[in-house]
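# Observations on chain architecture
In case you want the letters, here they are:
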Amino acid sequence: MTILTLHGLGKRYGSVVALDNIDLEVPAGSRTAIVGPSGCGKTTLLRLIAGFEMPDAGCISLGGTVLLDGKTAVPAHKRRIGYVSQEGALFPHLTIADNIGFGLARRDPERHKRIAELMARVELPVEMMNRRPHELSGGQQQRAALARALALRPRLMLLDEPFSALDAGLREAMRDMVGELLSAAGITTILVTHDQAEALSFAEHLVVMRDGAVVQSGTPQQLYLQPRDAVTARFLGEAIILDAVIVDGRAQFAFGDIAADASAPADKVRVMLRPEQVRMTAASADTANARVLSRAFRGPTCRLVVQSLSASANTITLVVSSLDSPEVGELLRLAVIGPVHVL
Ligand SMILES: Nc1ncnc2c1ncn2[C@@H]1O[C@H](COP(=O)(O)OP(=O)(O)OP(=O)(O)O)[C@@H](O)[C@H]1O
Ligand SMILES: [Mg+2]
């Protein structure tokens, strides 16, 4: 079931088209990640959904209620949408307790208990209640910002790169904690990130944006293995893109004759595969189909550029263990595990 529907959303700032005709459906209770390069409109999209900004065109509905169309505009504080911004943005002059309880009634006798519960849910020690934001670490501040957003019992949680200022280990732990917490509470979540690995691991539903538009959406697996174009392919991870001919539903290219995911015959296409689809073995001159062109040592791994013996313009980059990496000039047999994706 869809909980959030966006239709034809558009937003300009002067001559800048920040969003252009966005259509999107978000399934209830799901975790959606929006990825795209800096400036592609991710924050603008979240701010429109939250109601902090008005679009120039389009409609937004949440749980069957129209939040915005030509006639209606529900104000932000009545949308029941939680928002954790790129900066966290706690109020610096308020204690952590008052930040978390900001949207709760001051006189509510349950207020203190509720704040303590929210702190426990985001794993913030309750003793931090009377501290100010600058007395917390970056990760603790982001937890407090999340608790503040949870206090309003949101129907939808919008997370705008909330982990980007954290170091790698903490970032992963926070992401897992937040994901589990929101899923357990059944809160539909949209996470914005430029980090493709974060998006692929967090989301059940992935949306790729570029230049204010949605380029593609689907499951992380679909988008990773069947990206719409080469830019999307490279944005989501290392991609090997090679010239091929399609005959009888198979792609014939420098490293084999492999099942393709599009069967229309074509004599000049580009196919995409991921490095983990390539198996590499040492080979003699009779069986080799590739040669190591260059090698860069990176500690645990080496990055190899490997060239096809039959079509020298076709090179691929592979990362291998540095313990048994082949040398520059060594002959190899590369075998591809299909299917390959026709771009
Ligand atoms: N208030 C504003 N006034 C003018 N231009 C704006 C405003 N807010 C955003 N923009 C422009 O709209 C475009 C989209 O910005 P947005 O902040 O949505 O990008 P983003 O995808 O969130 O980028 P990042 O990954 O860097 O956070 C950019 O070109 C930006 O400069
Ligand atoms: Mg942004």
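Anyway, here's the lowdown on the structure attached to this text. (Residues numbered from 1 in each chain as written. Chains lettered and ligands numbered in written order. Predicted model: local features only at pLDDT ≥ 70, side-chain atom pairs only at ≥ 80, totals over all residues. Heavy atoms only, no water.)

### Topic: the site of ligand 1
Rules: Residues are counted as near a molecule or strand when any one of their heavy atoms sits within 4 Å of it. Here a polar contact is recorded for every N or O atom pair within 3.5 Å, except that within protein the pair must consist of a potential hydrogen donor and a potential acceptor, and residues adjacent in sequence are included only if both atoms are side-chain atoms. All accessible areas in this document rest on Shrake-Rupley with a 1.4 Å probe, and a residue is counted as covered only by the protein chains that are shown. Working definition: helices are DSSP H or I runs of at least four residues, strands are E runs of at least two. Numbering for both runs from the N terminus. All residues other than Ala, Val, Leu, Ile, Met, Phe, Trp, Tyr, Cys, Pro, Asp, Glu, Lys and Arg, Gly among them, are scored as polar; the first ten of these are nonpolar and the last four charged.
Ligand 1 sits among 14 residues. The nearest are Ser 38, Gly 39, Lys 42, Thr 43 and Thr 44. Within the contact set of ligand 1, an oxygen atom lies 2.5 Å away from a side-chain nitrogen or oxygen of Ser 38. Thr 43 places a polar side-chain atom, nitrogen or oxygen, 2.8 Å from an oxygen atom of ligand 1. Isolated, ligand 1 exposes 640 Å² of accessible area, and the fraction of that covered by the protein chains is 61%. Of all the elements in the fold, those that place two or more residues in the shell around ligand 1 are strand S2 (16-27) and helix H1 (42-50). It is H1 that provides the largest number of residues to the shell around ligand 1, a total of three residues. Split into classes, the residues belonging to the shell around ligand 1 amount to five nonpolar, seven polar and two charged.

### Thoughts on the pattern of salt bridges
Inclusion rule: By salt bridge we mean one thing: a side-chain nitrogen of Lys or Arg within 4 Å of a carboxyl oxygen of Asp or Glu. For every residue, the accessible area (1.4 Å probe, protein chains only) is compared with the maximum for its type, and the residue is labelled buried under 20%, exposed over 50%, or partly exposed between those bounds.
Under the defined criterion, the tally for this structure stands at 13 salt bridges. The salt bridge involving Lys 113 is made with Glu 110; its shortest N-O contact spans 3.4 Å. Judged by relative accessible area, Glu 110 falls into the partly exposed class, the value being 44%. Across the pair Arg 175 and Glu 198 runs a salt bridge, and its minimum N-O distance is 3.6 Å. A residue pair is termed long-range when its members are at least 10 positions apart, and Arg 175 in helix H5 (residues 168-184) and Glu 198 in helix H6 (residues 196-202) qualify at 23 residues. Ionic contacts of the salt-bridge type, sharing partners, join the residues Arg 171, Arg 175, Asp 195 and Glu 198 into one network.

### Comments concerning the layout of surface pockets
Our working definition: Cavity means a closed set of points on a 1 Å grid over the protein atoms alone, one where a 1.4 Å probe fits but cannot get out, pocket means an open set with protein on both sides within 12 Å along at least 5 of 7 lines, and lining means a residue has an atom within 4 Å of a point. Grid points are joined across faces, edges and corners, and a volume is the space filled by probe spheres set on the points.
Estimates place the volume of the largest pocket at around 490 Å³. Considering the residues around the largest pocket, the lining is formed by 20 residues, among which Phe 52, Ile 81, Gly 82, Tyr 83 and Leu 152 are closest to the centre. Mapped by element, the contributors of at least two residues to the lining of the largest pocket are strand S6 (81-84) and helix H4 (138-150). If one sorts the elements of the lining of the largest pocket by residue count, S6 sits on top with four residues. For the lining of the largest pocket, the residue count by class is twelve nonpolar, five polar and three charged.

### Focus: the packing of H4 against H5
Rule in force here: Convention adopted: a line fitted to C-alpha atoms gives each axis, helices being fitted over their contacting stretch, and angles between N-to-C directions are expressed from 0 to 180 degrees. For classification purposes, angles smaller than 35 degrees are called roughly parallel, those larger than 145 roughly antiparallel, those between 65 and 115 roughly perpendicular, and all remaining angles oblique. Left-handed describes a crossing in which the near helix is turned anticlockwise from the far one by less than a right angle; the clockwise case is right-handed. A contact between two residues is defined here by any heavy atoms of the two lying within 4.5 Å.
In the contact formed by H4 and H5, the axes pass within 11 Å of each other and the chain directions differ by 15 degrees. By the angle between their directions, the pair H4 and H5 is classed as roughly parallel. The two elements H4 and H5 meet at a crossing, and its hand is right-handed. Contacts from Gly 139, Gln 142, Arg 143, Leu 146 and Leu 150 in H4 reach Leu 170, Met 174, Met 177, Val 178, Leu 181 and Leu 182 in H5. Partitioning the contact of H4 with H5 into residue classes produces eight nonpolar, two polar and one charged.

### A closer look at empty space enclosed by the protein
In this structure the tally under the stated criterion is one cavity of 30 Å³ or more. In terms of lining residues, the largest cavity is bounded by Val 84, Gln 142, Leu 146, Leu 159, Pro 162, Phe 163, Met 174 and Val 178. Across the lining of the largest cavity, the residue classes break down as seven nonpolar, one polar and no charged.

### Brief notes about the packing of aromatic side chains
In this description, a pair of aromatic rings is defined by centroid distance and the angle of the planes. Basically, it comes down to this: Working definition: a ring pair exists when centres of Phe, Tyr or Trp rings (six-membered ring for Trp) sit within 6.5 Å. Plane angles under 30 degrees give stacked, over 60 give edge-to-face, the rest tilted.
Overall, the coordinates contain two aromatic pairs when judged by the stated rule. Pairing Phe 91 with Phe 102 gives two aromatic rings, centres 4.5 Å apart and planes at 45 degrees, and the pair type is tilted. In this pair, Phe 91 sits in the loop between S6 and helix H2 (96-100) while Phe 102 sits in the loop between H2 and helix H3 (111-121), placing the two residues eleven residues apart along the sequence. Residue class for Phe 91 comes out partly exposed when judged on its relative accessible area of 27%.

### Here we look at the sheet that holds S2
What counts here: When DSSP finds two or more bridges between a pair of strands, those strands are recorded as paired.
Taken together, four strands build an open sheet; the order of strands is S2-S1-S4-S5 and the sheet is antiparallel. A single partner strand is all that each edge strand has here, and the edge strands are S2 and strand S5 (65-68). Taking the axes of each pair of neighbouring strands and ignoring which way they run, one obtains an average angle of 25 degrees across the sheet. Where strand S4 (residues 57-62) lies against S5, three bridges are found, and the strand directions are antiparallel. Within S5, the residue paired with Ile 60 across the bridge is Leu 68. Packed onto the sheet, H1 meets strand S1 (2-13), S2, S4 and S5 and runs at close to 120 degrees relative to S1.

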